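Residues per chain, in single letters:
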Amino acid sequence: MDTLLGATPRRVARHWLSLLLLALAGLGAATFFVRFVTGEDSPYYSAAVERGDLVPRVAQKGELHAAGEFVISAPRAGRITWISPKSTGPVKKGELLARIDLVGAKDAIGIEESDVTAAHAALAAAQISAQEAAARLARFEGVWRRSGGRAPALNEMEAARASARRTSLAVDSARAQATAARLRLKGKRADVAPSELRAPDDAIILDRLASHGQAIEERQTLFTLSRTQGPLVIEVPIPMPPFGPPPTGAPAQVRLDALPDAPQAATLAQLRPASRAQPGMAIARFAITRADPRLRPGMPATVEMLLPPRRGVLLVPDAALAFDPGAAVGRQPPSVYVLSKDGEPRRVNVVVGASDGQRTEVFGAGLAPGDQVIIGWRAPTAASSRTQPGS
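Residues numbered from 1 in each chain as written. Predicted model: local features only at pLDDT ≥ 70, side-chain atom pairs only at ≥ 80, totals over all residues. Heavy atoms only, no water.

1. Side note on the overall build of the chain
Regarding its fold elements, the chain presents six helices and 22 strands. Within the chain, contacts between residues separated by at least 24 positions form 73% of all contacts whose residues are at least 6 apart in sequence. Carbon together with sulfur atoms contributes 57% to the accessible area of the chain, which is approximately 23400 Å² in total. (Helix = DSSP H or I, 4+ residues; strand = E, 2+ residues; numbered from the N terminus. Contact = heavy atoms within 4.5 Å. Areas by Shrake-Rupley, 256 points an atom, 1.4 Å probe, with all protein chains shown as cover.)

Structure follows, in structure tokens:
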């Protein structure tokens with residue numbers, strides 16, 4: 001220090017510059033050491049597997065419906081010639097909702113009426129032929145009796161009798177065809193009757209889905225109604241937790257897309273298995289008991305529900321279950337990639353449990369707390385510069 005006090009300003013500056021360079025060199029070495037020890041030179045981001053507690057969370061999208069809801073559909077394709085002016089509100093049993101002119105119905109009835117007319121004409125002609133054949137046979141039989149069987153000839157008598165029999169059968173056939181034609185006409189006329197759609201019960205119109213003059217298809221939904229003014233409900237698919245289903249009455253909340261800041265309290269009303277095409281899934285029905293007046297059936301919403309806590313379970317970040325170095329889509333079975341000591345990823349198949357939206361409970365041999373699971377690429381180009389690792 002005494003030397004510095006007697007030195008020139010230039011020598012002092014060089015001394016402090018040397019100290020600064022030494023400090024920068026030390027900092028660089030420390031940074032390199034930290035990167036070497038922590039593995040920050042790896043192309044992957046990773047996170048530690050943890051053992052801890054989890055409050056599972058279910059969040060699924062669905063659509064509001066009314067309890068006791070049903071639909072009125074078109075019985076045939078056609079065009080609406082009249083429809084109720086009510087888009088919502090109560091209706092009485094038997095109240096007319098819509099009148100439909102069925103496509104081709106009048107033409108079809110006209111064709112059947114023509115067939116009935118033709119069938120009756122054919123019957124009349126058959127009856128005339130039968131009467132003529134019967135009269136001819138009667139004349140032949142009269143001459144036969146008076147001549148003592150000498151005239152007419154035997155073959156003429158047999159021909160007359162056969163003709164009478166044939167014409168009698170023709171009458172029976174024509175009569176049957178006329179009956180069938182009348183029944184077809186009756187059926188066609190009955191098809192026109194459902195063109196007047198009426199409310200089957202006292203109900204409430206929730207939605208009118210058609211308008212006057214609109215062309216409609218067979219079985220197209222025209223009205224959505226409800227027999228009750230009960231609570232609004234929403235059904236969503238949820239995964240069945242491996243530790244058991246949530247109990248009936250479990251609390252939840254429903255968040256409307258149109259009213260995100262006004263969550264609605266709801267309870268689990270019913271839980272039933274989903275289709276065979278969705279193994280491990282269930283259909284959960286939630287009831288909103290005190291719905292906001294602004295809520296309407298058909299509004300899209302998200303159901304959010306917390307399940308009973310899980311204690312001391314193995315947890316990984318959700319990103320670890322989504323990561324795949326080979327960019328495979330929907331890989332089966334579910335798996336995570338663990339960083340080995342040499343820095344290479346090792347695939348570990350797992351059974352997925354509950355999730356809270358950030359972490360997921362997993363079960364898998366070869367996975368322990370403290371293991372580093374890969375959650376993403378560190379460099380954007382790393383995925384394209386490396387080959388897919390082995391399983």
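The discussion continues.
2. Examining the pattern of salt bridges
Under the counting rule described, the total for this entry stands at 15 salt bridges. Between arginine 294 and aspartate 292 there is a salt bridge, and its shortest N-O distance comes to 3.0 Å. A relative accessible area of 18% places aspartate 292 in the buried class. (Salt bridge = Lys/Arg side-chain N within 4 Å of Asp/Glu carboxyl O. Buried < 20%, exposed > 50% of the residue type's maximum accessible area, 1.4 Å probe, protein only.)

3. Topic: the packing of aromatic side chains
Tallied over the full model, the rule gives four aromatic pairs. Ring geometry for tyrosine 44 and tryptophan 377: centres 4.9 Å apart, planes at 35 degrees, overall tilted. Placement of tyrosine 44 in strand 1 (residues 44-48) and of tryptophan 377 in strand 22 (residues 372-377) is noted, with a sequence separation of 333 residues between them. Joined through ring pairs, the aromatic side chains of Tyr44, Phe323, Tyr337 and Trp377 make up one cluster. (Phe/Tyr/Trp six-rings, centres within 6.5 Å; stacked < 30°, edge-to-face > 60°.)

4. Structural notes on unusual backbone geometry
That bond from alanine 151 to proline 152 is cis: its omega, -10 degrees, falls within 30 degrees of zero. Mapped onto the elements, proline 152 comes out in the loop between helix 3 (105-146) and helix 4 (154-192).

5. A look at the side chain of threonine 224
If you trace the backbone, threonine 224 turns up in strand 11 (residues 221-226). Taking the relative accessible area as the measure of exposure, threonine 224 reaches 10% and is therefore buried. Not counting the four nearest positions on each side in its chain, threonine 224 is found in contact with Glu69, Phe70, Val71, Ile204, Ile205, Leu206, Asp207 and Leu209.

6. Here we look at the nonpolar core
By size, the foremost hydrophobic cluster in this structure holds 26 residues, and its most contacted members are Leu64, Ile234, Val254, Leu256, Phe286, Leu295 and Val303. For this core, the elements supplying multiple residues, two or more each, are strand 3 (57-66), strand 9 (203-208), strand 12 (232-239), strand 13 (251-256), strand 14 (264-273), strand 15 (281-288) and strand 16 (300-306). Ranked by residue count, the leading element in this core is strand 12, at four residues. Ranked by size, the runner-up nonpolar core spans 19 residues in total, among them Phe70, Leu97, Leu197 and Leu222. (Core = buried A, V, L, I, M, F, W, Y, C linked by side-chain atoms within 4.5 Å.)

7. Some remarks on the sheet that holds strand 21 (residues 359-363)
The strand order across the open sheet formed by four strands is 2-17-21-20, and the pairing between neighbours is antiparallel. In the strand order of this sheet, the two ends are held by strand 2 (50-54) and strand 20 (351-355), each with one partner. In this sheet, neighbouring strand axes are inclined to one another by 55 degrees on average, regardless of whether the strands run parallel or antiparallel. (Pairing = 2+ DSSP bridges. Axes fitted to C-alpha atoms, helices over the stretch in contact; angles between N-to-C directions.)

8. Regarding the confidence of the model for the chain
On average, residues of the chain score 82 in pLDDT, and 80% of them are at 70 or above. In the predicted structure, residues 1-5 sits below a pLDDT of 50 and forms three contacts with residues beyond four places in sequence or in another chain. Low confidence marks residues 29-39, where pLDDT is under 50. Its contacts with residues over four positions away, or in another chain, come to three contacts. (pLDDT = per-residue confidence, 0-100.)

9. Looking at the pairing of strand 15
Extensive coverage of strand 15 is indicated by the burial of six of its eight residues. With eight bridges connecting them, strand 12 and strand 15 associate as antiparallel partners. Bridge pairing in strand 15 places isoleucine 238 opposite alanine 282. With six bridges joining them, strand 14 and strand 15 adopt antiparallel strand pairing. Note on strand 15: the bridge partner recorded for leucine 268 is phenylalanine 286.

10. Description of the sheet that holds strand 9
An order of 4-11-9-6 is seen for the four strands of this open sheet, with the pairing classed as antiparallel. A strand with exactly one partner marks an edge of an open sheet, and here the two such strands are strand 4 (69-73) and strand 6 (89-91). On average, adjacent strands in this sheet sit at an angle of 40 degrees to one another, irrespective of strand direction. Pairing between strand 9 and strand 11: four bridges, direction antiparallel. Within strand 11, the position partnered with aspartate 207 by the bridge is threonine 224.

11. Some details on the environment of leucine 169
Considering the arrangement of structural elements, one finds leucine 169 in helix 4. Residues leucine 169 and alanine 130, spaced 39 residues apart in sequence, show a C-alpha to C-alpha distance of 8.8 Å.

12. A look at the environment of aspartate 292
One can find aspartate 292 in the loop between strand 15 and strand 16. Along the chain, aspartate 292 and proline 263 lie 29 residues apart, while their C-alpha atoms are 9.3 Å from each other. For aspartate 292, the side chain forms a polar contact with the main-chain nitrogen of arginine 294, separated by 2.8 Å. (Polar contact = N/O pair within 3.5 Å; in protein donor to acceptor, adjacent residues only side chain to side chain.)

13. Looking at the environment of serine 211
The residue serine 211 is located in the loop between strand 9 and strand 10 (215-216) in this model. C-alpha separation for the pair serine 211 and alanine 98, spaced 113 residues apart in sequence, amounts to 9.4 Å.

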